[in-house]
Amino acid sequence: MSGPVPIEVRASGDSFVIRVCTGPGCVVNGSLNVADRFDEAIASAGAEVRVRVVRTGCHGLCEQGPLVVVSPQDVFYPCVGEEMAAPIVERLLKEGCCVEEYLFRPSENEAPIKRYSQLPFNLTQQRIVLRSCGVIDAEDIDDAIAHGAYDGLRRVLAGFTPEALIDEIERSGLRGRGGAGFPTGRKWRFARQAAGEPKYVI
(Lines give C-alpha, C1' and ligand atoms only; values in the text may rest on other atoms or scores of the structure.)
Protein backbone atom coordinates (compact mmCIF):
# COMPACT_ATOMS: atom_id res chain seq x y z
CA MET A 1 0.00 0.00 0.00
CA SER A 2 1.03 3.58 -0.54
CA GLY A 3 0.87 6.28 2.10
CA PRO A 4 -1.00 9.57 1.81
CA VAL A 5 0.13 12.12 -0.74
CA PRO A 6 1.80 15.23 0.68
CA ILE A 7 -0.66 17.75 2.05
CA GLU A 8 -0.85 20.63 -0.39
CA VAL A 9 -1.86 24.25 -0.03
CA ARG A 10 -5.37 24.25 -1.43
CA ALA A 11 -6.86 27.56 -0.35
CA SER A 12 -6.29 30.38 -2.83
CA GLY A 13 -3.73 32.94 -1.75
CA ASP A 14 -1.98 30.90 0.95
CA SER A 15 1.79 30.70 0.70
CA PHE A 16 2.07 28.42 3.73
CA VAL A 17 -0.42 26.48 5.81
CA ILE A 18 0.42 25.34 9.33
CA ARG A 19 -1.89 22.51 10.35
CA VAL A 20 -2.21 21.87 14.07
CA CYS A 21 -3.99 18.70 15.14
CA THR A 22 -6.88 19.36 17.51
CA GLY A 23 -8.01 15.79 17.87
CA PRO A 24 -8.70 14.70 21.48
CA GLY A 25 -5.23 13.27 22.12
CA CYS A 26 -3.47 16.40 20.94
CA VAL A 27 -5.89 18.73 22.74
CA VAL A 28 -5.14 16.95 26.03
CA ASN A 29 -1.46 17.69 25.37
CA GLY A 30 -2.08 21.39 24.75
CA SER A 31 -2.56 21.71 20.99
CA LEU A 32 -5.18 24.47 21.26
CA ASN A 33 -2.62 26.67 23.02
CA VAL A 34 0.00 25.65 20.46
CA ALA A 35 -2.30 26.80 17.65
CA ASP A 36 -2.83 30.13 19.43
CA ARG A 37 0.95 30.59 19.74
CA PHE A 38 1.32 30.04 15.97
CA ASP A 39 -1.33 32.70 15.32
CA GLU A 40 0.53 35.10 17.61
CA ALA A 41 3.92 34.36 16.04
CA ILE A 42 2.56 35.00 12.55
CA ALA A 43 0.93 38.26 13.64
CA SER A 44 4.14 39.41 15.35
CA ALA A 45 6.22 38.61 12.28
CA GLY A 46 4.13 40.90 10.09
CA ALA A 47 4.70 38.51 7.21
CA GLU A 48 4.28 39.78 3.67
CA VAL A 49 3.33 36.28 2.54
CA ARG A 50 0.08 34.70 3.64
CA VAL A 51 0.44 32.10 6.39
CA ARG A 52 -2.68 30.38 7.67
CA VAL A 53 -3.09 28.23 10.79
CA VAL A 54 -5.62 25.43 10.40
CA ARG A 55 -6.94 23.46 13.35
CA THR A 56 -7.50 19.95 12.03
CA GLY A 57 -8.95 16.64 13.16
CA CYS A 58 -7.02 13.62 14.37
CA HIS A 59 -4.16 12.09 12.35
CA GLY A 60 -4.08 8.86 14.34
CA LEU A 61 -0.57 9.48 15.69
CA CYS A 62 -1.81 10.48 19.12
CA GLU A 63 1.34 9.43 20.98
CA GLN A 64 3.29 12.05 19.00
CA GLY A 65 0.94 14.93 19.77
CA PRO A 66 0.59 17.79 19.52
CA LEU A 67 1.25 17.28 15.80
CA VAL A 68 2.00 20.04 13.30
CA VAL A 69 2.33 19.71 9.52
CA VAL A 70 3.60 22.62 7.42
CA SER A 71 2.60 22.84 3.76
CA PRO A 72 3.54 22.89 0.96
CA GLN A 73 6.89 21.52 2.21
CA ASP A 74 5.07 18.58 3.90
CA VAL A 75 7.18 19.07 7.05
CA PHE A 76 6.09 17.08 10.11
CA TYR A 77 6.75 18.21 13.67
CA PRO A 78 5.83 15.90 16.58
CA CYS A 79 5.34 16.77 20.25
CA VAL A 80 5.14 20.49 19.54
CA GLY A 81 5.18 22.71 22.61
CA GLU A 82 4.07 26.32 22.78
CA GLU A 83 7.68 27.54 22.84
CA MET A 84 8.34 25.89 19.46
CA ALA A 85 5.82 27.93 17.50
CA ALA A 86 7.84 31.14 17.12
CA PRO A 87 11.07 29.42 15.95
CA ILE A 88 9.12 27.36 13.41
CA VAL A 89 7.42 30.47 12.01
CA GLU A 90 10.67 32.46 11.97
CA ARG A 91 12.57 29.76 10.06
CA LEU A 92 9.66 29.28 7.66
CA LEU A 93 9.35 32.97 6.82
CA LYS A 94 13.07 33.79 6.66
CA GLU A 95 14.39 30.70 4.91
CA GLY A 96 11.35 28.71 3.77
CA CYS A 97 12.65 25.65 5.57
CA CYS A 98 12.23 23.66 8.76
CA VAL A 99 13.76 23.58 12.23
CA GLU A 100 15.84 20.41 11.99
CA GLU A 101 16.04 19.72 15.71
CA TYR A 102 12.24 19.59 15.97
CA LEU A 103 11.80 16.89 13.30
CA PHE A 104 10.56 13.38 14.01
CA ARG A 105 13.15 10.66 14.73
CA PRO A 106 12.06 6.99 14.81
CA SER A 107 14.75 6.45 17.44
CA GLU A 108 17.68 8.35 18.94
CA ASN A 109 20.16 6.73 16.55
CA GLU A 110 18.14 7.21 13.36
CA ALA A 111 18.10 10.16 11.01
CA PRO A 112 15.11 12.50 11.23
CA ILE A 113 12.19 12.06 8.87
CA LYS A 114 11.17 15.42 7.46
CA ARG A 115 8.10 14.68 5.37
CA TYR A 116 4.72 13.77 6.80
CA SER A 117 3.98 11.54 3.80
CA GLN A 118 7.13 9.50 4.52
CA LEU A 119 6.37 8.59 8.15
CA PRO A 120 6.33 4.81 8.67
CA PHE A 121 2.85 5.15 10.18
CA ASN A 122 1.55 6.67 6.94
CA LEU A 123 3.42 4.45 4.48
CA THR A 124 1.42 1.40 5.59
CA GLN A 125 -1.92 3.05 4.80
CA GLN A 126 -4.04 3.92 1.81
CA ARG A 127 -6.63 6.30 3.16
CA ILE A 128 -9.90 6.57 1.31
CA VAL A 129 -12.76 7.69 3.55
CA LEU A 130 -10.30 9.25 6.02
CA ARG A 131 -8.01 10.87 3.45
CA SER A 132 -8.89 14.39 4.64
CA CYS A 133 -8.37 13.68 8.35
CA GLY A 134 -5.64 15.95 9.58
CA VAL A 135 -5.99 18.16 6.51
CA ILE A 136 -9.18 20.20 6.70
CA ASP A 137 -10.58 22.46 9.37
CA ALA A 138 -13.67 20.46 10.25
CA GLU A 139 -15.42 23.58 11.56
CA ASP A 140 -14.89 25.59 8.35
CA ILE A 141 -17.22 24.58 5.52
CA ASP A 142 -15.28 26.67 2.99
CA ASP A 143 -12.09 24.75 3.82
CA ALA A 144 -13.98 21.46 3.48
CA ILE A 145 -15.43 22.48 0.08
CA ALA A 146 -11.97 23.57 -1.10
CA HIS A 147 -10.84 19.97 -0.48
CA GLY A 148 -13.73 18.38 -2.37
CA ALA A 149 -16.40 18.02 0.31
CA TYR A 150 -19.96 17.71 -1.03
CA ASP A 151 -18.81 17.10 -4.61
CA GLY A 152 -20.92 13.95 -4.73
CA LEU A 153 -23.99 15.73 -3.38
CA ARG A 154 -23.54 18.57 -5.88
CA ARG A 155 -23.32 16.08 -8.75
CA VAL A 156 -26.43 14.21 -7.60
CA LEU A 157 -28.56 17.33 -7.14
CA ALA A 158 -27.49 18.69 -10.53
CA GLY A 159 -28.11 15.67 -12.71
CA PHE A 160 -29.66 12.55 -11.16
CA THR A 161 -33.21 11.27 -11.04
CA PRO A 162 -34.04 9.12 -8.01
CA GLU A 163 -33.94 5.99 -10.19
CA ALA A 164 -30.58 6.91 -11.73
CA LEU A 165 -29.13 7.54 -8.27
CA ILE A 166 -30.33 4.16 -6.99
CA ASP A 167 -28.79 2.50 -10.08
CA GLU A 168 -25.48 4.24 -9.35
CA ILE A 169 -25.49 3.17 -5.70
CA GLU A 170 -26.26 -0.42 -6.69
CA ARG A 171 -23.38 -0.45 -9.19
CA SER A 172 -21.03 0.98 -6.56
CA GLY A 173 -21.41 -2.07 -4.33
CA LEU A 174 -21.87 0.14 -1.25
CA ARG A 175 -22.99 -1.89 1.76
CA GLY A 176 -24.22 -1.20 5.26
CA ARG A 177 -21.84 -1.26 8.22
CA GLY A 178 -24.24 -2.81 10.73
CA GLY A 179 -22.82 -6.32 10.43
CA ALA A 180 -24.97 -7.93 7.73
CA GLY A 181 -23.35 -5.99 4.88
CA PHE A 182 -26.70 -5.56 3.10
CA PRO A 183 -26.42 -3.69 -0.23
CA THR A 184 -27.42 -0.05 0.24
CA GLY A 185 -28.82 0.28 -3.27
CA ARG A 186 -31.27 -2.55 -2.63
CA LYS A 187 -32.48 -0.89 0.55
CA TRP A 188 -33.06 2.33 -1.32
CA ARG A 189 -34.90 0.54 -4.16
CA PHE A 190 -37.15 -1.35 -1.75
CA ALA A 191 -38.01 1.92 -0.02
CA ARG A 192 -38.60 3.66 -3.34
CA GLN A 193 -40.99 0.92 -4.50
CA ALA A 194 -42.89 0.62 -1.23
CA ALA A 195 -46.32 2.24 -0.95
CA GLY A 196 -47.07 5.03 1.50
CA GLU A 197 -45.31 7.91 3.21
CA PRO A 198 -43.18 8.13 5.27
CA LYS A 199 -41.09 5.03 4.54
CA TYR A 200 -38.90 3.03 6.92
CA VAL A 201 -36.15 0.46 6.49
CA ILE A 202 -35.85 -1.95 9.43
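Whatever comes next refers back to the structure up there.
Analysis parameters
- Residues numbered from 1 in each chain as written.
- Predicted model: local features only at pLDDT ≥ 70, side-chain atom pairs only at ≥ 80, totals over all residues.
- Heavy atoms only, no water.
- Axes fitted to C-alpha atoms, helices over the stretch in contact; angles between N-to-C directions.
- Helix = DSSP H or I, 4+ residues; strand = E, 2+ residues; numbered from the N terminus.
- Parallel < 35°, antiparallel > 145°, perpendicular 65-115°, else oblique.
- Left-handed = near helix turned anticlockwise from the far one by under 90°.
- Contact = heavy atoms within 4.5 Å.
- Phe/Tyr/Trp six-rings, centres within 6.5 Å; stacked < 30°, edge-to-face > 60°.
- Buried < 20%, exposed > 50% of the residue type's maximum accessible area, 1.4 Å probe, protein only.

Participant: Can you walk me through the packing of helix α2 (residues 31-45) against helix α3 (residues 85-95) in this structure?
Facilitator: In a packed pair of helices, the relevant descriptors are the angle between the two axes and the axis-to-axis distance. Two numbers describe how α2 lies on α3: the axes approach to 8 Å, and their chain directions differ by 45°. By the criterion of interaxial angle, the relationship of α2 to α3 is oblique. In the packing of α2 onto α3, the handedness of the crossing is right-handed. Note on element contacts: α3 touches α2 through A85, A86, I88, V89 and L93, opposite V34, R37, F38, A41, I42 and A45.

Participant: Please explain the packing of aromatic side chains as it appears in this structure.
Facilitator: The way to describe two aromatic rings as a pair is by their centre distance and the angle between their planes. Under the criterion given, the structure shown has three aromatic pairs. On the numbers, 6.1 Å between centres and 70° between planes, the contact of F76 with F104 is edge-to-face. Taken together, the residues F76 in strand β4 (residues 75-77) and F104 in the loop between α3 and α4 (120-123) connect sequence positions 28 residues apart. Using a relative accessible area of 1% as the deciding quantity, one classes F76 as buried. Taking 6.4 Å as the distance between ring centres and 75° as the angle between the ring planes, the aromatic pair formed by Y77 and Y102 counts as edge-to-face.

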